[in-house]
Every structure is written in C-alpha cells, then in structure tokens.
Protein chains: 2
Amino acid sequence: MDPKAHLQPPGGSGYLAWVRHYRRAWLSGDLTAGVVVSVMIIPQSMAYAMLAGLPVQVGLYASILPLIGYALFGSSMTMSVGPVAVTALMTAALLGPMAAIGSGEYLQLAIWLALLSGALLFLFGLLRLGFLANFLSHPVISGFISGAAVLIVLSQIPHLFGLSELPASPDALLAGWQPLNSLILFLGLVGLLWLLYARSLMARHLEQIGLAAPLAKILARLAPILVVVVGILVTDVWQLHDRGMPVVGELPAGLPSLVWTTPGWNTLYSLLLPALLISLVSFVESVSIAQSLARHKRQSIDANRELLGLGAANVGAGLSGGFAVCGGFSRSVVNDEAGAQTPLAGVVAALIIALILATLAPLFAQLPLVVLAVVILVAVTPLIDLSSLRRAWRYDRAEGLTLLLTALGVIFMGVEAGIILGIALSLAAQLWRGSRPHVAVLGRVPETDYFRNTKRHLVETEPHLLALRIDESIFFANTKAVEHAIQRALSDYPDTRELLLILSAVNHIDSTGLDMLSELSEGLAERDIRLHLAEVKGPVMDQLENTDWLEHQVDEVFPSTLIAFNTLSSINRPSANPEEVNP
Amino acid sequence: MDPKAHLQPPGGSGYLAWVRHYRRAWLSGDLTAGVVVSVMIIPQSMAYAMLAGLPVQVGLYASILPLIGYALFGSSMTMSVGPVAVTALMTAALLGPMAAIGSGEYLQLAIWLALLSGALLFLFGLLRLGFLANFLSHPVISGFISGAAVLIVLSQIPHLFGLSELPASPDALLAGWQPLNSLILFLGLVGLLWLLYARSLMARHLEQIGLAAPLAKILARLAPILVVVVGILVTDVWQLHDRGMPVVGELPAGLPSLVWTTPGWNTLYSLLLPALLISLVSFVESVSIAQSLARHKRQSIDANRELLGLGAANVGAGLSGGFAVCGGFSRSVVNDEAGAQTPLAGVVAALIIALILATLAPLFAQLPLVVLAVVILVAVTPLIDLSSLRRAWRYDRAEGLTLLLTALGVIFMGVEAGIILGIALSLAAQLWRGSRPHVAVLGRVPETDYFRNTKRHLVETEPHLLALRIDESIFFANTKAVEHAIQRALSDYPDTRELLLILSAVNHIDSTGLDMLSELSEGLAERDIRLHLAEVKGPVMDQLENTDWLEHQVDEVFPSTLIAFNTLSSINRPSANPEEVNP
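Residues numbered from 1 in each chain as written. Chains lettered and ligands numbered in written order. Predicted model: local features only at pLDDT ≥ 70, side-chain atom pairs only at ≥ 80, totals over all residues. Heavy atoms only, no water.

Caption draft 1: Main features of the overall build of chain A. Helix and strand counts for chain A come out as 26 helices and eight strands. Compactness check: chain A gives a C-alpha radius of gyration of 31 Å against a globular reference of 25 Å for 583 residues, more than 25% above the reference. Judged by the C-alpha coordinates and their principal axes, chain A covers about 105 × 65 × 55 Å. Residue burial in chain A is summarised as follows: out of 583 residues, 54% are buried. Counting only contacts in chain A whose residues sit at least 6 apart along the sequence, the fraction spanning at least 24 positions is 80%. By element, 63% of the accessible surface of chain A is carried by carbon and sulfur atoms, the whole surface being about 25,100 Å². (Helix = DSSP H or I, 4+ residues; strand = E, 2+ residues; numbered from the N terminus. Rg over C-alpha atoms; globule rule 2.2 N^0.38 Å. Buried < 20%, exposed > 50% of the residue type's maximum accessible area, 1.4 Å probe, protein only. Contact = heavy atoms within 4.5 Å. Areas by Shrake-Rupley, 256 points an atom, 1.4 Å probe, with all protein chains shown as cover.)

If you want it as structure tokens, here you go:
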C-alpha cells in the first residue's frame, strides 16, 4: 500500500467516508475553496437561470441544497454541482414548447423537471444502470455540446444590445436604436474584454507583480465578480434602470421556502423524455468531470454513486425551487485549485450562498442583464469545439460525420431531436461497420510461426489449403457479406481442398450466422472441400457445442492456426514444407 | 469445368441468358411445369385474394403479368412468383386501417401498394441495396411468419362455419346456427381431410397402385383442384347459393384491362412504410426460396437481380389490377418437381391462367368460400413453426426471446408493429452483446506455443506480465466495461509491471474507445506499468497509426502473443522460463 494513501480523502469508498475519516489538515483547504467557489458561482448561477428562462434567484436556489445532496451520496471529493450552461439550455429548449417562458407555469415545470430527473438518476443509481450512459459516444456528446453552445451564444446576442430578441433585420435594428442601446453595448464589450483578460493573461500579470502563483490564479478566477459589482454600481449611480436598462429586478428577499406541488399524470408523462435526456447528459458530463478530477489525485469514482449523488442534488434543487443541476467543469476546477479536499467545501459554499441570499439579495435588483449575458458568452464560447471535430474526422469519417450532424441537428432541429439523432447515427454507424466485415486470406510469414494477410505481407500459402480469418462476429447483419467473402476467396483459389476458418476475431455467432455456415458447408461438401476451424474462442465453442453443424459438417477444430497449417498441409502434399522439397 | 454445366440453364448469369441459350431438350419440362403450376395456383391465388380482403379475380390477375415480369429480370430458373399467404395477410393488415375491406378504394389502395413496393424493390435493385434485407435476422423472419400464420388461421375459422366474422360468444354462435352452417362445416371438414390426405399419404398410395413416383407426386400436388371442382358442383347441383351459401360470386369475364390511376401525395406517403415492409418481407422470402432451389441444381442467385425481378413482378401485378406478389414456396417446389428448366415454365403458366380467366371465369361464381378457406388453412398451418422457436431458444436465449416476442407482437400488435419490434429487438440484442465484452487473462499452455484463458485451462503465467485478450471491438457502448475489466485484472494481479493487450479479436476501435485507452494509459504510467499490444490487425493498425496514443503511450507492438511473452518475460525475470529455474 502507498503510505501516502491515508493522507488523502477516500474518494469512492463508502458513503460519507470522508466525514468519518475527516482530518483537521483538510479544513483550511475546504474552507478557502468554499468561499472562493461561492463568490465565483453567484454570477454564473444567476446567468444560467436567465439562460434557462427562469428568474435569476432560481439559479441561486439551485446552488444550495444540491451541493449538500451531492455531498451525501456522490463519490467525487472535489466536483462542484450546480446550474450549468448545457442543462440550462436544455431546460429552456425542452420546456419552451410546453409553457410560456416567464410564466408561473413554466417555473413550476422547471422545478418538476429537476425533481423528475433527480428521481430518475437516483433510480438508475439504485438499479445500477450507470452503463446506460455508454450509449452516448464521445462524438455525440461533443457534437451535442458544441451545438448547444452555438444555440446559447445566439440566445445571448440580443442582450448585448439591450434587446429581448433578435431584430428581424438590420433595418429593424437601426430603426429601434436608442442611445441606451449604445451604452449597453459599450458596457457589454468592456465586460467581455475584462472577462477575456481575466481568463487569459491576468494570472500571469498578477504573478509578474509579485503575487504567489496559486493566489494569482484564484484572483483571476474571481475577476467576474468585479463585472457584477461595477454593473450594479453603474446602474445605481446613473439610475439607468429608470431610463429603460434591462436589469434583474426585485428578488424575493431571503431563503427559498421548500415547495411541493403535485403535477398531473399527463404533465409527468410529457416531462419524461426531457427528464431522461437531461439526466443522461448531466450524468455523462458529471462523470467525466469527476473522473478527470479524481485521476490526478489517484482517487476513484463510482459511476453508480455518481448517479445517486446527482439524483439527490436534483431532487434537492427541485425541493428548494431550483432547476436542474449537474457537475460544472469550471466551478469544479476552481474548487480543486482553491484547495478543496472533501465535499465539505461544497457544504461551505452552500452555506455562504444561503447567507448572501438572506442578506444581499436586494443589491442584485440593479444588476444589468447584459452583465449576465457576457458571463454566459465567455463561459460558453470555448465549448464550441472545432478541434474535436477535426480530430474525429481524421480518425474516422463516420465519427466526424456523426459529430457534425449531431451539432447541426441540435442547432437546426433542437436539443431533443439532435441528441436522439446523434444516438441513432452512432448506433447505425456501429451496425454498418459490423455488417461489412474484413475477411483476410492468411499465409505463413516465412521462417516464423505466425500468419498474416496475403494482401499486406509477403507470406507463404499452400495451394490446397485456404486459410481465412473472419474479422467480425458473425451475426444477421453480416452473414451474407461473410458468405460472399468466403465464396470469392474460394473462386480466387480454385485448387482449395481444405478450407480453414480462423475464428480468433469471432466473438459470437448468432443463429442466422449458424444457418449460413451450415448452408455453406453443404455447398463445400458437394464440391468435396473439407471445412476446418481454428482458434475458436471458449464462449463461441460453448455455444457451437451440440449443434449439428459442428458435429456433422466441420471436419476438425484446431487449437492454433500453426497446428492447423502443419496438419492440413501434410495431408495434401507429399512434403509438409515447400522449402524441404528443393533443399 | 464440369462438362455437364452446359446442359443446365445458366441461372444468375445475365438477363434473359436462358432465352439466348435455350435448348430444345428443356421444352417438355417447361411445358409440363407450366400446366401443372397453373392448375395448382388457381385455387391458391383466389384464396389468397380472399385473405387479402380482395375480390378473388384479383388473385388471378396477380398470377399473369408478374410471372412474365419476373422472367425478364429474375435470376432464379425455377422460382414461381404470385400471391402468397404472408403478403396477402400483410396487405389486409396494412390497408385495413386505411379503407373499408371490399370497397373500391380498398382495391385501389391494394393496387397502388403493389406498384409502390414494386417500384421500391426495383429501385433497391438498381441501387444494389440487397444488403438491407440482412437486417431481418432469421429469428425475426421466423417469428414474423409464425405470428402471421396464426393470424391467418384465425381469420379463416369463421369461413369454416359459413360466417363472415367470429361470433362474439359461443351463445351467439348457437343462436344464429342454421342447417346450412352444418352443411358448410361438413363440406369444409371433408375438404380439409382430402387436402391433408393429398399432402401426406396420397403420393405413396398412388405409387403403391402402380403409378411412377414423379407422376404420383404431381397428381397429389394437383389434388386441391378436385376440392374446387366438387365444391362448384355441389353448390350448382343443390342450388346452395340461393339458400345462402357464401360463394365467390360473379367474376368480370375476360382478361384484366391495364389500369393506371394516380394516387395523391398523402396516399403515397401513408403507403410508404407498408410498401417498404412488404418489399422487405417479399425479398427475404423470395431470395431464400430461390437460393434453396438453386443450391440443389448448383445454380447461383444474384440478390440484386432478384430485387429487379420481384420489382418488375409487383409493378406488373399493379398494372394489371392485381395485388402484391412474392416468390411462393409450394408453387416453386411444384414447378421444380414438375420439370421446369427456365422461366419459360412461368410464362406458360401465365398464358394458361389468362386463357382460363378468358373462358372459364363464369364457372368460379359458384365456388363456395369455405373451399378457399380450407385451401388457406392447409397451406398456412405448417408455417406455425414451433421447432424453430425451440431451436433458437436452445441456441441462444436472446434469440429465442426475439422470435417469440416478434410472433406475439405480430399477433397482438399487428404485422407492422410486430416486424418493427422484431428488428428493434434483434438490433438491441446485438448491441447488448457488444456492450458486455469477454476479457480473458491468458497464459501459455505448458510446453506449447499457444495461449489460453487462465479460467478455462491449466496454463502458465508470468507474475510481472499480465496478458489480456479483449474479445470485442472497442466502441462507445463497451469502453467502460473494457476499462473495468482491465482494472479488475490489474487488481487481481497486483505484481503486474507489463500489461499486454492482445487485440486479435478487436476489429475496430472507435474514438470513444481510443479516449478510454489513452486515459487508461495515463493511469498505467502513474503506476509505472508499461503497456504493450500484440496481434493488432491491419485495419486497426492503419487507424491507430499517427494517433498520440500509439506514438507516446504504447511501449511496443508485438506481431504475436508468443513473441510478446518471450520478450517481456525475459525483461523482468532472471530466467525466461519458470521450468528452467528448477530443472
């Protein structure tokens, strides 16, 4: 055992193990991280609530109980959950058709959506269904997120001009243009520049003026709060709200009261697919964040506990009047960098946010919406990930296409249709691949005991012996293709008397495949060609045992290609080895 | 070359090659078969038209042009196309919800359905899309046909009692019972017994009284026409029609006039899925019949020409006012046994049916419907195939279940839903299988050069070397499972310093899999374990080349497991072989 292992919190090893084994040494890190994260996530949480079409305080509500819910069940020590851009967009896109944005009904639906996806996630965790997330391939996730980011950027552009929606034409934009619009645009651009500077150069500059590297990093991460403060001050000082500046407006003071209303069955039913999609995306995103955090600390993540943790977080969000939450990448990284050791950091952050809500909420009334818009724009633009499109395309055309079509589907058909299209495409690509198997004619690499494709290597073959390696499980979608490949090889090698099928890459033969093989064998018998198998795997052999095909139509099953070659070539030829004939 | 090859018609070798190379010796066989088949298919064609909810003459129309259409394009020398039970049922089931059975609109829809599926089949043939049929696995086809046969049997039972539909209860049946019902039931049972006798024992009895075996067989095949003749005579002599006996009724005398009407876009659109399903089923059925006929004559079948032939046949059916056609098993077998050598036999049969329609049509007016019902019952009952359910279940639970659920789906949800359910289930089963890969720890079989699963065989392993064979392509649905299996093996063998992944069964690695492998490699590097590959296939190597993973994270790629074992064990241990240490 690594002696240092005990100095680290035991990620993934039993619920609340970190509480039982809590060490005093961790406390300062957890407290610092809690403070830093809470300050950082206040503008983010409000911005994402706005993105989801909800009152900004809903974002703050969703940043309290969920953190505590996750701390109870989750297995990551440093992941921070809360409102994130993609699930906020999904909330807006999925609920938009069901109720008017801004209405009480819409808010109610958002709360139910969080509760329902929380319940689904928790249920999947209890049933250990974490593997379901595997059906989202990386190109689908990547295409989905890029497409969602494009939608988010488009949705925020009107706020930059102080408008509530995109004007129909440039003419309409100019016709309605007021001096206030110019002011808002100016404020927005200054905010954008500050945020971009904070993200790229600020930490380095702070280090150059003498700050310690970790502190410089943390300060740079907290820079967005300055935009919030300046935005509030500017609006308040110049009374811009009275001149028509769009601002957040009055928040209900104080903490959220726990709400519980019962939706009808019809509503629940129509929320089911949206809740499932949000759950799936949240889970995949959270687990990948949790894993990348855990890896560099050599902790481990338990996917089923992540389901429980996320489920509890979303149920907590719904119960306290918040909307769907998920593990967030930037907030988790900040949490980690600020020294968080255990989920206690999250609990601290939750308490601070609760305190701020209880005391400072009235201040946020003067916060201009354009500030939240630039916070969103800067957070979301990096999610538009062209490099992964390039990489996927270069690695495999079909995967690049899946990524691109998923992104386009999200942008032009909506998040629901886009993600379903992506899943369908990746399944179809997989099936398509399986239906076109690679079948190679093998020969022996001279003076060795191994065998390679005659088309790729200079190898020796035996005229009477045709050795075919089938590079795919034989199942209904490829039985015809496998049969054709075998028949083609037989007509390319017309002297064949012994056909050897090498099944090292065949992991399963289904009944359609078995029927094909036994019809093939009948044809071989008529042409007086014997059929042999080599390198049949254990599980395949188990299944073939007791079939008529293996008992009556297969001549011999060899443990290795080498043994098959040596045995079969000595049967048909006077000498076992061509080299020995002419020494 | 087989010198006898020139004596046989050249199945599958160029359109109408049989016409250019026609030999006089084939003529008598083709003529005899044409006569026998035409007599045999008259009752069948009328019966299947009734099953499809269409006037009986539509079945006869569908037995003329289609035979000529198929002869022009098809590649089978002896397959006979025409109305068959399963497509007749599909026509009724798919069109039933769209128009009232018996109405002119229903007939029109049936004609368009034949035209549309003919056009689809022809198009698929031109685009060489024959492989699409591969998505119907054998369990799905088998389940579908059994389910359809159950539906067909149920649909014919009322005719046995002279009713138009099943009475709601036994009481209702008894309350409406007339002497005529008893007579019809008696006629039906006598007909059933005769048909069963003709199918089972008659040929043998005819041989015993001195007839030649082939003639006895043919006479037995023609026996159903006797039921038709007797049925007509009985009805005519006792004037049963006037007493309420359900009969075929007046047929329009003479040949069908070619009809051509244009359906609206909406109608075409709603016929598209039904046409696609009928095309798929017709194609799969016909190709399997054509192949089994061709095999025993050592001819070959070209799947794309079958698509063209079936397409032309269905277009011909539609143009002449008939309904969807398909290769029929029993009529093809009779054609073959009666000596057919080329599609000329089909052309002869078409001409004879046209002649009969032009002259004898009025006679069929007195044919009792119960006769057609027993023809259907005897033809269809053998399609309920419990033995293939038993076989599929024994071979693989998932496939048995797919077959059963497809059949139940057809029976309780309808043909359309049933077949789609079946396809979805077989795809899901395939994906499920791929998502749970078999991963084996390999060791060397003592005193040999080959390697086997440590759990199945007594093998030697090296303490520092963990050799894992991954028995599945690595793709998004199984990356987590593969990763878990590798991690589990690593914790079972904690002394591992060299991890060897044997990729002989990995036919593809998708980008999700590649991401998993490079994350895995990072973890290995941190634990100071080196990663090696062995037996990487050519196509996989092509794709991995130029990836960061292969260049930077994989230590070495070995051509064979043996070389990897020998190289890696000599690195870590003083002696390469445990046996050599203690001789």
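Let us keep going from here.
Caption draft 2: Expanded view of the interface of chain A and chain B. Facing the 54 residues of chain A at the interface are 54 residues of chain B. Three residues stand out in chain A for area buried against chain B, namely Arg295, Tyr395 and Phe476 of chain A, and they jointly supply 15% of the buried area on that side. Between chain A and chain B we count four salt bridges in total. The partner of Arg456 of chain A in a salt bridge is Asp542 of chain B, and the shortest N-O contact between them spans 2.6 Å. (Buried area = accessible area lost by both parts, 1.4 Å probe. Salt bridge = Lys/Arg side-chain N within 4 Å of Asp/Glu carboxyl O.)

Caption draft 3: Structural context of the domain arrangement of chain A. In terms of domains, chain A is made up of domain 1 (23–393) and domain 2 (439–579). Domain 1 of chain A and domain 2 of chain A are separated by 58 Å when their C-alpha centres are compared. (Domains from an automatic or database assignment.)

Caption draft 4: The confidence of the model for chain A, seen in detail. Residues and elements named next belong to chain A. Predicted confidence across chain A gives a mean pLDDT of 86, with 94% of residues reaching 70 or more. The model gives residues 1–6 a pLDDT under 50, and that stretch makes one contact with residues more than four places away or in other chains. For the stretch residues 573–583, pLDDT sits under 50, and the model shows 10 contacts to residues farther than four places along the chain or on other chains. (pLDDT = per-residue confidence, 0-100.)

Caption draft 5: View of empty space enclosed by the protein. Residue and element names in this part refer to chain A. Counted under the stated rule, the structure contains 10 cavities of 30 Å³ or more. Taken as a whole, the largest cavity spans an internal volume of roughly 120 Å³. Around the largest cavity, the lining comprises 16 residues; the ones closest to its centre are Met79, Ser80, Asn335, Pro343 and Gly346. Elements represented by at least two residues in the lining of the largest cavity include exactly helix 2 (27–51), helix 4 (65–73) and helix 16 (344–360). Of the residues in the lining of the largest cavity, the class split is 11 nonpolar, five polar and no charged. (1 Å grid on protein atoms, 1.4 Å probe; cavity = no way out; pocket = protein on both sides within 12 Å on 5 of 7 lines; lining within 4 Å. Points joined across faces, edges and corners; volume = space filled by probe spheres on them. Nonpolar A, V, L, I, M, F, W, Y, C, P; charged D, E, K, R; others polar.)

Caption draft 6: Seen up close, helix 11 (residues 213–222) of chain A. Residues of helix 11 of chain A that are buried: Ala216, Ile218, Ala220 and Leu222 of chain A. The inward-facing, buried residues of helix 11 of chain A contact helix 2, helix 9 (179–200), helix 10 (202–208) and helix 12 (224–237) of chain A.

Caption draft 7: Quick look at the sheet that holds strand 7 (residues 530–534) of chain B. All names here are of chain B. Strand order in the open sheet made by the six strands is 4-3-5-6-7-8, with mixed pairing throughout. For this open sheet the edge positions go to strand 4 (451–453) and strand 8 (556–558), each flanked by a neighbour on one side alone. This sheet shows a mean twist of 35 degrees between the axes of neighbouring strands, independent of strand direction. Contacts from helix 21 (residues 479–492) reach strand 3 (439–444), strand 5 (465–470) and strand 6 (498–502), with the element oriented near 155 degrees to strand 5. (Pairing = 2+ DSSP bridges. Axes fitted to C-alpha atoms, helices over the stretch in contact; angles between N-to-C directions.)

Caption draft 8: Region of interest: the relation of the copies chain A and chain B. The operation relating chain A to chain B is a screw motion whose rotation component is 179 degrees, with 0.1 Å of axial translation and a residual RMSD of 0.1 Å. Within this description, the copies of the chain are treated as partners about a two-fold rotation axis. Judged by C-alpha distance, Ala505 of chain A is the residue of chain A that lies nearest the rotation axis, at 1.8 Å. When you check the interface residues of chain A against chain B, 100% turn up at the interface there too, and the contact is symmetric in its surfaces. (Least-squares fit on C-alpha atoms with pLDDT ≥ 70 in both.)

Caption draft 9: A look at the nonpolar core. Residues Phe144, Phe323 and Leu372 of chain B are the most contacted members of the largest nonpolar core, which totals 120 residues. Excluding residues that lie within four positions of it along the chain, Leu372 of chain B makes contacts with Pro43, Met46, Ala47, Met50, Val56, Val248 and Leu367 of chain B. With 118 residues, the next largest nonpolar core counts Val81, Leu109, Ala110 and Leu293 of chain A among its residues. (Core = buried A, V, L, I, M, F, W, Y, C linked by side-chain atoms within 4.5 Å.)

Caption draft 10: View of the packing of helix 5 (residues 85–95) of chain A against helix 6 (residues 104–126) of chain A. Residues and elements named next belong to chain A. Between helix 5 and helix 6, the least distance of the axes is 11 Å, while the angle of their chain directions is 120 degrees. Compared by their axis directions, helix 5 and helix 6 come out oblique. The interaxial crossing formed by helix 5 with helix 6 has right-handed handedness. Taken together, the residues of helix 6 that come into contact with helix 5 (itself represented by Thr91, Ala92 and Leu95) are Tyr106, Leu109, Ala110 and Leu113. Here the residues of the contact of helix 5 with helix 6 sort into six nonpolar, one polar and no charged. (Parallel < 35°, antiparallel > 145°, perpendicular 65-115°, else oblique. Left-handed = near helix turned anticlockwise from the far one by under 90°.)

Caption draft 11: Looking closely at unusual backbone geometry. One non-glycine residue, Arg128 of chain A, adopts positive backbone phi at about 55 degrees. Residue position: Arg128 of chain A is located in the loop between helix 6 and helix 7 (138–160). A relative accessible area of 55% places Arg128 of chain A in the exposed class. With a phi close to 75 degrees, Asn546 of chain B is a non-glycine residue in the positive phi region. One can find Asn546 of chain B in the loop between helix 23 (538–544) and helix 24 (548–553). The exposure class assigned to Asn546 of chain B is exposed, which follows from its relative accessible area of 69%.

Caption draft 12: Structural detail: the side chain of Glu498 of chain B. On the secondary structure map, Glu498 of chain B appears in strand 6. Within the local environment of Glu498 of chain B, its side chain forms a polar contact with the side chain of Arg530 of chain B, the two groups lying 3.1 Å apart. (Polar contact = N/O pair within 3.5 Å; in protein donor to acceptor, adjacent residues only side chain to side chain.)

Caption draft 13: Here's a closer look at the sheet that holds strand 5 (residues 465–470) of chain A. Residues and elements named next belong to chain A. Strand order in this open sheet of six strands is 4-3-5-6-7-8, and the pairing throughout is mixed. The sheet terminates laterally at strand 4 (451–453) and strand 8 (556–558), the two strands that pair on one side only. Taken over all neighbouring pairs, the strand axes of this sheet differ in orientation by 35 degrees on average, direction set aside. Looking at chain direction, strand 6 (residues 498–502) and strand 7 (residues 530–534) are connected through five bridges and run parallel.

Caption draft 14: Representation of the environment of Ala317 of chain B in the model. Inspection of the secondary structure assignment puts Ala317 of chain B in helix 14 (residues 303–319). Here the alpha-carbon distance between Ala317 of chain B and Ser63 of chain B, two residues 254 residues apart in the chain, equals 7.7 Å.

Caption draft 15: Examining the packing of aromatic side chains more closely. Residue and element names in this part refer to chain B. This model, assessed by the stated rule, comprises 12 aromatic pairs over all chains. Judged by centre distance (6.1 Å) and plane angle (65 degrees), the rings of Phe161 and Trp177 are edge-to-face. One end of the pair, Phe161, is in the loop between helix 7 (138–160) and helix 8 (170–175); the other, Trp177, is in the loop between helix 8 and helix 9 (179–200), with 16 residues separating them in the sequence. (Phe/Tyr/Trp six-rings, centres within 6.5 Å; stacked < 30°, edge-to-face > 60°.)

Caption draft 16: Region of the structure containing the pairing of strand 7 of chain A. Within strand 7 of chain A, four of the five residues are buried, which leaves it mostly tucked inside the rest of the structure. Taking the sense of rotation as the criterion, the β-α-β connection linking strand 6 of chain A, helix 22 (residues 511–526) of chain A and strand 7 of chain A turns out right-handed. (Right-handed = clockwise from strand over helix to strand, strands pointing away.)

Caption draft 17: Summary view of the pairing of strand 6 of chain A. Residues and elements named next belong to chain A. The buried count for strand 6 comes to five of five residues, which makes it a mostly enclosed element. The side-chain alternation of strand 6 yields two buried faces, one formed by Glu498, Leu500 and Ile502 and the other by Leu499 and Leu501. Strand direction decides the pairing type here: strand 5 and strand 6, joined by five bridges, are parallel. Considered in strand 6, the bridge of Leu465 is made with Glu498.

Caption draft 18: Highlighting the environment of Pro252 of chain A. Looking at the element boundaries, Pro252 of chain A is found in the loop between helix 12 and helix 13 (265–296). Residues within four places of Pro252 of chain A in sequence aside, it is in contact with Gln57 and Tyr61 of chain A.

Caption draft 19: A look at the pattern of salt bridges. According to the stated counting rule, one finds 15 salt bridges over all chains in the structure shown. Asp396 of chain A is the partner of Arg433 of chain A in a salt bridge, and the nearest nitrogen-oxygen pair spans 3.3 Å. Of the two residues, Arg433 of chain A is situated in helix 20 (residues 415–435) and Asp396 of chain A in the loop between helix 18 (386–395) and helix 19 (397–413); the sequence distance between them amounts to 37 residues. Judged on exposure class, the residue Arg433 of chain A and its partner Asp396 of chain A are both buried. Linked through salt bridges whose partners overlap, the residues forming this network are Arg469 and Asp471 of chain A together with Lys537 of chain B.

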